[in-house]
Amino acid sequence: MILENLAPEIVWNIFEKVIASTPRPSRHEEKIRMKIKTWLNEQKRIKSININITEDTVGNILIKKAATPGLENIPPLLLQGHLDMVCETDRSEGYDFYNLGIPLRIQENKEWIDADGTTLGADDGIGVSLALALLIDEEIENIHGPLEVLFTVNEEDGFTGATNLDVKALGIESKYMINLDSGPLEDITIGSVCGGRVFFEKEFNWEDTKNTKDLLFVRIFVYGLLGGHSGDDIHLPRANANELLTRMLSNISGEIKFHICEWNGGTKANVITREANVKIAFDMALKEIFAHVIKQEISKIKNYYQSTEEGTEIFEPNLEIIWKYEEAAKYLSMQDTELLLTTSSLIPQGVLRYSTFHKGNVETSNNFAILHTINNYIRIEIYPRSLIRSELENFRRKMVQLGEFGGWKMTLRAVLPEWIPKPKSKFLKFIKEQYETVLKKEVKTIIVHGGLETGEISNKIPGIEMVAIGPTVENAHTPNERLKISDIKPIYEILLNIIKQFSTFKS
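A quick note: this is a predicted structure, and the numbers were derived from the prediction, not measured. (Residues numbered from 1 in each chain as written. Predicted model: local features only at pLDDT ≥ 70, side-chain atom pairs only at ≥ 80, totals over all residues. Heavy atoms only, no water.)

## Section: the overall build of the protein chain
A count of helical and extended segments in the protein chain gives 12 helices and 24 strands. Computed over its C-alpha atoms, the radius of gyration of the protein chain comes to 25 Å, within 12% of the 23 Å expected for a compact globule of 507 residues. Here the analysis covers contacts within the protein chain between residues at least 6 apart in sequence; of these, 78% occur between residues at least 24 apart. Carbon and sulfur atoms form 47% of the exposed surface of the protein chain, whose accessible area is close to 21,800 Å². Distance between charge centres in the protein chain, computed from 58 positive and 72 negative side chains, equals 3 Å. (Helix = DSSP H or I, 4+ residues; strand = E, 2+ residues; numbered from the N terminus. Rg over C-alpha atoms; globule rule 2.2 N^0.38 Å. Contact = heavy atoms within 4.5 Å. Areas by Shrake-Rupley, 256 points an atom, 1.4 Å probe, with all protein chains shown as cover. Lys, Arg positive; Asp, Glu negative; His and termini not counted. Charge placed at Lys NZ, Arg CZ, Asp CG, Glu CD.)

## Observations regarding the pattern of salt bridges
Oppositely charged side chains may form a pair once their charged atoms are brought near each other. Evaluation of the coordinates by the stated rule reveals 30 salt bridges. Its salt-bridge partner being glutamate 93, residue arginine 91 comes within 4.0 Å of it at the nearest N-O pair. Assessed through its relative accessible area of 58%, glutamate 93 is described here as exposed. Salt-bridge contacts for arginine 105 lead to aspartate 116; the nearest nitrogen and oxygen are separated by 3.4 Å. Pair noted here: arginine 105 is in strand β4 (residues 104-106) and aspartate 116 is in the loop between β5 (112-115) and α3 (122-136), with a separation of 11 residues, a long-range link. Residue classification places aspartate 116 among the partly exposed positions, given a relative accessible area of 36%. In this structure, a network of salt bridges that share partners links the residues Arg27, Asp157, Arg197, Arg379 and Glu381. (Salt bridge = Lys/Arg side-chain N within 4 Å of Asp/Glu carboxyl O. Buried < 20%, exposed > 50% of the residue type's maximum accessible area, 1.4 Å probe, protein only.)

## Let's talk about the side chain of aspartate 181
Looking at where aspartate 181 falls in the secondary structure, it is placed in the loop between β7 (176-179) and β8 (187-192). At 9.2 Å, arginine 24 is the nearest oppositely charged side chain to aspartate 181, a buried residue that forms no salt bridge. Among residues more than four places away in sequence, those in contact with aspartate 181 are His82, Asp123, Asp124, Glu155, Leu452 and Ile469.

## Describing the packing of helix α6 (residues 241-253) against helix α8 (residues 334-345)
Two elements in contact, α6 and α8, have axes separated by 10 Å at closest approach and are oriented at 130°. With respect to each other, α6 and α8 are oriented oblique. For the element pair α6 and α8, the recorded crossing hand is left-handed. In this structure, α6 uses Thr246, Leu249, Ser250 and Ser253 to contact α8, whose residues at the interface are Leu341, Ser344 and Ser345. Grouping the amino acids of the contact of α6 with α8 by side-chain chemistry returns two nonpolar, five polar and no charged. (Axes fitted to C-alpha atoms, helices over the stretch in contact; angles between N-to-C directions. Parallel < 35°, antiparallel > 145°, perpendicular 65-115°, else oblique. Left-handed = near helix turned anticlockwise from the far one by under 90°. Nonpolar A, V, L, I, M, F, W, Y, C, P; charged D, E, K, R; others polar.)

## Examining the sheet that holds β4
Consider a sheet: its strands pair through backbone hydrogen bonds, and that pairing is either parallel or antiparallel. In space, the four strands of this open sheet follow the order β4-β5-β24-β23, with antiparallel pairing throughout. Edge positions in the sheet fall to β4 and β23 (473-474), since each of these pairs with one other strand and no more. Judged from the three bridges that link them, β4 and β5 form a sheet pairing that is antiparallel. Paired with isoleucine 106 across the strands is isoleucine 113, a residue of β5. (Pairing = 2+ DSSP bridges.)

## Description of the packing of helix α1 (residues 9-20) against helix α2 (residues 30-47)
Relative to each other, α1 and α2 sit at 130°, their axes nearing to 10 Å. Considered as vectors, α1 and α2 are oriented oblique to each other. Along its contact with α1, which presents Ile14, Lys17, Val18 and Ile19, the element α2 presents Ile32, Lys35, Ile36 and Trp39. For the contact of α1 with α2, the residue count by class is six nonpolar, no polar and two charged.

## Here we look at helix α9 (residues 389-405)
Compared with the 24 Å implied by 1.5 Å per residue over 17 residues, the 24 Å span of α9 between its first and last C-alpha is a close match. Listed in full, the buried residues belonging to α9 are Leu392, Phe395, Arg396, Met399, Val400, Leu402 and Gly403. Along the axis of α9, the buried positions cluster into a sector of 160°, meaning they face one direction only. Seen from the buried face of α9, the exposed residues on the opposite side, beyond 90 degrees, are Gln401, Glu404 and Phe405. (Expected span 1.5 Å × (residues − 1). Arc of directions from axis to C-beta.)

## Some thoughts on the environment of methionine 399
Its place among the elements puts methionine 399 in helix α9. Not counting residues within four places of it along the chain, the set of residues in contact with methionine 399 comprises Val198, Phe200, Leu346, Ile347, Pro348, Ile382 and Met410.

## A word on helix α12 (residues 488-501)
Compared with the 20 Å implied by 1.5 Å per residue over 14 residues, the 20 Å span of α12 between its first and last C-alpha is a close match. The element α12 is extensively covered by neighbouring structure, given that 10 of its 14 residues are classed as buried. Turning to α12, its buried residues number three or more, namely Ile488, Pro490, Ile491, Tyr492, Ile494, Leu495, Leu496, Asn497, Ile498 and Ile499.

## What about unusual backbone geometry?
Here the amide bond leading from alanine 7 into proline 8 is cis, since omega sits at 0°, within 30 degrees of zero. Structurally, proline 8 is set in the segment before α1. Positive phi, close to 70°, is recorded for arginine 27, a residue that is not glycine. In this structure, arginine 27 sits in the loop between α1 and α2. The backbone phi angle of asparagine 375 is positive, close to 55°, even though this residue is not glycine.

## Description of the nonpolar core
Counting 71 residues, the largest nonpolar core has Ile36, Leu132, Phe151, Ile178 and Tyr435 as its most contacted members. Counting 49 residues, the second largest nonpolar core, distinct from the first, contains Ile256, Ile347, Leu371 and Ile380. (Core = buried A, V, L, I, M, F, W, Y, C linked by side-chain atoms within 4.5 Å.)

## Looking at the pairing of strand β13 (residues 259-265)
Taken across its seven residues, β13 has five buried, putting it largely inside the fold. As paired strands, β13 and strand β14 (residues 276-283) are joined by six bridges and run antiparallel to one another. Along β14, the bridge assignment pairs glutamate 262 with lysine 279. The pairing of β13 with strand β18 (residues 362-374) spans two bridges and is classified as antiparallel. Bridged to glycine 265 within β18 is leucine 371.

## Some thoughts on the packing of aromatic side chains
Counted by the stated rule, this structure contains 19 aromatic pairs. An angle of 75° between the planes, with centres 5.7 Å apart, marks the rings of phenylalanine 204 and tryptophan 408 as edge-to-face. Placement of the pair is phenylalanine 204 in the loop between β10 (198-203) and β11 (206-207) and tryptophan 408 in the loop between α9 and β20 (409-412), with a sequence separation of 204 residues. Aromatic pair phenylalanine 427 and phenylalanine 505: ring centres 6.0 Å apart, planes at 75°, arrangement edge-to-face. (Phe/Tyr/Trp six-rings, centres within 6.5 Å; stacked < 30°, edge-to-face > 60°.)

Structure representation (structure tokens):
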């Protein structure tokens, strides 16, 4: 084991042996679902734990643990996390997330856990591990009320589990829920944004390679970006590879005319795009002008993101932009090239507005997530989010108008609902008290710009009161994702304390 000397052992053992060792890409949770059920049944046999496992038709799992005799009248408490993970790698050879576990490692400073060249999956693997540990921990065996643990599927790629949650089939009784998919440790999350993806798609007529003898073909690569969570990290000064390519092409177009042949950037809507490349073609006579312009653009971009001025922050330390000549290929007309470039130029990236109601919070943002050439089609996917539903819808309408003006087929994915904060909730007050008992300092409540399943679950269970907590996870949705080791002991103690003291909660 890699994590065998870490405490609390019960949590780390589950994280390594059950969660990290089992493949669990979004929409492919069958292996982790089976692993958890097998593991729980084994624990039930070994420790004589009174638990019951139920599933609904989309694959959500509910585990019920009966109360200690005499404590059956305590309100049921629901713990919730999601089974899937975002699968990203910076390994040149790629990584088979469908068949391999995560290559865990402890960083040299002994302060963080990460993975060797892949996402760690602490989002939300550590939340699932904490919940499973609580189900088998003998420390609370004689002092707990009814416990329910809900594991949902496909949180990362559309909230399929939460959206299709069958409360009746699962038999969920709780009116109080702790979501285990948030952090950092010092904060209690009480609200999150709504979001709704927008898709542009268009079939183009491509020129074949018969008349290319006077054309040069060049591919431009942008890579090495930090990326990040397209909600939680959208306010950070990080570059988006699709936006950088758009910028360069727009400036090149001011000097020479060219054709776009192919554009591929981004992998997932909820990831700030780390890599992208575009292939273009232009008249051979313009070779020197092109080289001059692109070198200038690369210099300007690197000067901004990798400034060496004293006192400035290097935003993208590993950013690389290169270009090379390639073989001839089919290409778009000048008119269609201009349409694609204009469309991509008018798609915003990053923070659109900060909130006037919740100071310090991003209100509305957009991630220019994906631009792919697929056969004769070009497909663009963006992911806007907002604290305010009407502002999200207003932005999405603008994007539809932009797309339809250019003849794009526009598709809107259903909005994933916001979680409206209830700062005066008695349940929140109780959770905050348990937090501060363990941490011995005041904790703050926050609203996150990422989407949480809490909004959807609150629609499924009217009147439910919720908080979201968890340890510190940095750089989620990237190969730089890491989990703070020292947070696990206190977050687990907080959860134990909540369960032990829940009999004192007065609603």
